[in-house]
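These are the residues of each chain, in order.
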Amino acid sequence: MIKNALLSLKKNIGRTILLFFIIVLITNLVIAGLSIQSASNKEMQQLQSQLGNDVTLTVNFKNMMQDRQPGEAVNEQSNQITLEMADSVKNLKYVKNYNYTISTSANSDSVSAIKSESSNNMPGRKEDEGDLTISANTTMKYLDSFTNERYKLTSGRLLTAKDSSSQNCVIEKNLASDNNLSVGDTFTVYTTVNDQKISQELTVIGIYEIQSSDNMQIGDAHFNNPVNTIYTGLSVGQTLSNSSENLTSATYYLDDPKNADSFVKLAKKKTSIDFNTYSLETNDQMYKQNASSLENMKSYAQLFVWIIVIGGSAILCLILALTIRNRYYEFGVLLSLGQTKVKIILQQLLEILVIAVIAIVISLGTGKVAANSIYQVMESSQTVQQNGGPQHMDNNKQDQQKELDVSITSDNVIELFAITGAVCVVSIIVPATYILRLSPREILTRKEG
Amino acid sequence: MESLLEFKNVSYSYPDGQDDHPVLKDTSYSFEKGKVYAIVGSSGSGKTTTLALASGLDSPQEGKILYKQEDISQIGLTKYRKEKMTIVFQSYNLIYYMNALDNVMLALDIAHKKIKNKKEYCLQILDQLGISKDMALRDVRKLSGGQQQRVAIARAIVKDTDLILADEPTGNLDEDNALEVMKLFIELAHQENKCVIIVSHSLTLASMCDQQLKIKNEKLIDYFQ
């Protein structure tokens, strides 16, 4: 059977070449679709692990401002998040990790903040407001700036949950060098609360460098300058703010960003927090924005694969039906010699599979080029659809899409073999069955006629 | 003589509009080994249908066809065609993408005949029929009509079945080649004890056979009856 199949391919070289080019085209398009699909999947998984799985408990400023009488001062103190509130949420389902933050400003006699021009003339700035920003956290492990590598540790280490009650701190590289501070050095900061000066000694255990920052703007006050931020454990924040109960925010890191909405519903149901005053804000906008574009890309790729599979099968069926018509004669002869119908179909299948295997091997080399070209087309059409025209995309999204790794994986190769095999089986069985349903005599008669 | 193939009360008809056009009706006939039979008649008389039924390419609507007293539908038509009989067609029915040798060997492969030195055996049979090794390895379409028919006969002989059927085997051949082919069939019947059934419209060639048959009133009967 193998010998006969090879002989047939060799003798019908025109048909063989035609089928080869069609199958090469199909396999290239299929592998392009598959690799775009898997690249989108992979990217979504990465996004899920990197972005938007956090929910923050904060004061609902919108409601707070609505409740305020005209001319009335905003009482921020009375609406602060308490440790009790934050703790009531941390053990809920979906919460994988959490971080409480207390932000306050502080001064120091031994450490000078890095000055920004015009900062001393900022309108509305209180005299007792410090030049340094204290960011007290349960742990630094999940802070966006560090996980996104916008801030990078250059020496020492970051604060962990174990440092929560310590006087350890992590400072910025420029602040450290301007004040001749290095890991192991100590300095004192102080705040003034209700005319009471509260001092806290801090020990430097880590120094970080800012790679890029969303916060720093020209003309910002130096207390807003991220180089003046000192990261400490939560207890330092409590000491300096003179409150063991109040927090600035509580952030909860969920097991899956998809669960954000369910988590908020659960918190509303299971806790006694007044959600008119406070709110749980899901920070999944970035994820939703990127995920939806990737979802679209994935579903386009899926649709694309289906179109290619169905279209490719139809074209192959048609061509094989036309060429098999010329093989009535051969089928009739084989049947008259006692060959079974199954073996006749198997020989046809073998012929097409030999071509398909060569086509697949070639498409493994050319598939990536096809995948990238098709990806570019899909991406641009998607941008046009989303923006109503080729408008500017935000930088993060653009970077993220540019980096989509459209490469061929081993899973793609297995899928390609399976899909091409299925297309070949359908393309052979449909026209062959059409002929072989007839009796051998009818087949021979048709050939004769 | 031993009956090899037997038509027993066989009926067959074609659908013809709303009615059926009968070809054979309750006909019985017995074919023996060692004889050459010729079924003669004009076009449309039903002789090719008779051969199609005898070769298992089609089935009768009524009655049975027995091979060595066993109903061929019980044997299985594919198995019957594969192992019990061979057929030679007017248009040779060779596989065009194979050479003569491959065509002959194909019949052995399909029949699962285990023969030592299969290639040599097939070349030897082809040589006996006047097809040299050089010709046997040539593209089958480059052989003459007479040579192609000899290859088709070699393909039939190589299986070494007791029953050989031939549908107008000399129809595309000139007189000399036709005579050569007829001699081959007669030799096979008389020397190898085969049963050869030939369908032909030529009374001249039919007269060379041991028995002449015709289809009259939907019955298969002796020609001179």
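Conventions we followed
- Residues numbered from 1 in each chain as written.
- Chains lettered and ligands numbered in written order.
- Predicted model: local features only at pLDDT ≥ 70, side-chain atom pairs only at ≥ 80, totals over all residues.
- Helix = DSSP H or I, 4+ residues; strand = E, 2+ residues; numbered from the N terminus.
- Buried ≥ 20, exposed ≤ 12 C-beta atoms within 10 Å, placed from the backbone.
- Contact = placed C-beta atoms within 7 Å.
- Nonpolar A, V, L, I, M, F, W, Y, C, P; charged D, E, K, R; others polar.
- Axes fitted to C-alpha atoms, helices over the stretch in contact; angles between N-to-C directions.
- Parallel < 35°, antiparallel > 145°, perpendicular 65-115°, else oblique.
- pLDDT = per-residue confidence, 0-100.
- Pairing = 2+ DSSP bridges.

Visitor: Is there a simple way to think about the overall build of chain B in this case?
Guide: For chain B, the helix and strand inventory stands at nine helices and ten strands. Sorting the 225 residues of chain B into buried and exposed places 48% on the buried side. Intrachain contacts of chain B at a sequence separation of at least 6 include 70% that bridge at least 24 residues.

Visitor: Please explain the interface of chain A and chain B as it appears in this structure.
Guide: A common way to state how big an interface is: give the accessible area lost once the parts meet. On the side of chain B, 16 residues touch chain A, which itself brings 15 residues to the contact. Its residues placed into classes, the side of chain A that touches chain B shows five nonpolar, seven polar and three charged.

Visitor: How do you make sense of unusual backbone geometry when you look at a structure like this?
Guide: Both trends apply: most residues other than glycine have a negative phi, and most peptide bonds are in trans. A positive phi is found at Tyr94 of chain A, a non-glycine position, where the angle reads about 80°. Tracing the sequence through the fold places Tyr94 of chain A in the loop between α4 (83–90) and β3 (95–106).

Visitor: What am I meant to see in the environment of Lys79 of chain B here?
Guide: Residue and element names in this part refer to chain B. Among the secondary structure elements, Lys79 is positioned in helix α3 (residues 77–84). With 13 C-beta atoms packed within 10 Å, Lys79 lands in the partly exposed category. Each C-alpha atom, one on Lys79 and one on Ala111, is 8.6 Å from the other, the two residues being 32 residues apart in sequence.

Visitor: Can you help me understand the packing of helix α7 (residues 145–158) of chain B against helix α8 (residues 175–192) of chain B in this one?
Guide: Helix packing for two helices is described by the angle between their axes and how far apart those axes are. Residue and element names in this part refer to chain B. Packing of α7 against α8 brings their axes to within 10 Å, and their N-to-C directions diverge by 10°. Relative to α8, α7 is oriented roughly parallel. Of the residues in α8, those touching α7 at Gly146, Gln149, Ile153 and Ile157 are Asn177, Val181, Leu184 and Leu188. Per-class residue counts for the contact of α7 with α8 are five nonpolar, three polar and no charged.

Visitor: Is there a simple way to think about the confidence of the model for chain A in this case?
Guide: The predicted coordinates of low-pLDDT regions are not to be read in fine detail. Across chain A, the average pLDDT comes to 80, with 80% of residues at or above 70. Between residues 388–403 of chain A, whose pLDDT stays under 50, and residues either more than four places distant or in other chains, the model counts nine contacts.

Visitor: Got a minute to help me understand the pairing of strand β7 (residues 186–193) of chain A in this structure?
Guide: Two faces belong to every sheet, and in a regular strand the side chains alternate between them. Taken together, the eight bridges between β7 of chain A and strand β8 (residues 196–210) of chain A define a ladder with antiparallel strand orientation. Residue pairing across strands places Phe187 of chain A opposite Leu202 of chain A, the latter belonging to β8 of chain A.

Visitor: It is not clear to me how the confidence of the model for chain B should be interpreted in this structure. Could you clarify?
Guide: Residue and element names in this part refer to chain B. Looking at chain B, pLDDT values average 88 and 99% of them are 70 or higher. Taking the mean pLDDT of every element in chain B, the minimum, 85, falls on helix α9 (residues 203–206) and the maximum, 94, on strand β5 (residues 70–71). Across the interface, the model reports ipTM at 0.86; the global pTM reads 0.62.

Visitor: Explain the environment of Ile75 of chain B to me, please; I cannot follow it from the model alone.
Guide: Residue and element names in this part refer to chain B. On the secondary structure map, Ile75 appears in helix α2 (residues 72–75). A tally of 18 C-beta atoms within 10 Å means that Ile75 is categorised as partly exposed. Beyond its immediate chain neighbours, meaning those up to four positions away, Ile75 contacts Tyr67, Glu70, Tyr80 and Lys84.

Visitor: Explanation requested: the environment of Pro169 of chain B in the structure shown.
Guide: All names here are of chain B. Along the chain, the position of Pro169 falls in the loop between β7 (163–167) and α8. For the pair formed by Pro169 and Gln149, sequence separation is 20 residues and the distance between their alpha carbons is 7.4 Å. Non-local contacts of Pro169, meaning those with residues more than four positions away in its chain, are made with Val88, Gln90, Gln149, Val181 and Ile198.

Visitor: Would you mind showing me how to read the sheet that holds strand β2 (residues 19–32) of chain B here?
Guide: The pairing of strands in a sheet happens through backbone hydrogen bonds and is either parallel or antiparallel. Residues and elements named next belong to chain B. With antiparallel pairing, the four strands of this open sheet are ordered in space as β2-β1-β4-β5. Since the sheet does not close on itself, it has two edges, and those belong to β2 and β5, each with one partner. In the sheet, strand β4 (residues 62–67) pairs with β5 via two bridges, with the strands oriented antiparallel. Across the sheet, Leu66 pairs through a bridge with Asp71, a residue of β5. On top of the sheet, helix α1 (residues 47–54) reaches β1 (3–16), β2 and β4; it is set at about 125° to β1, its chief contact.

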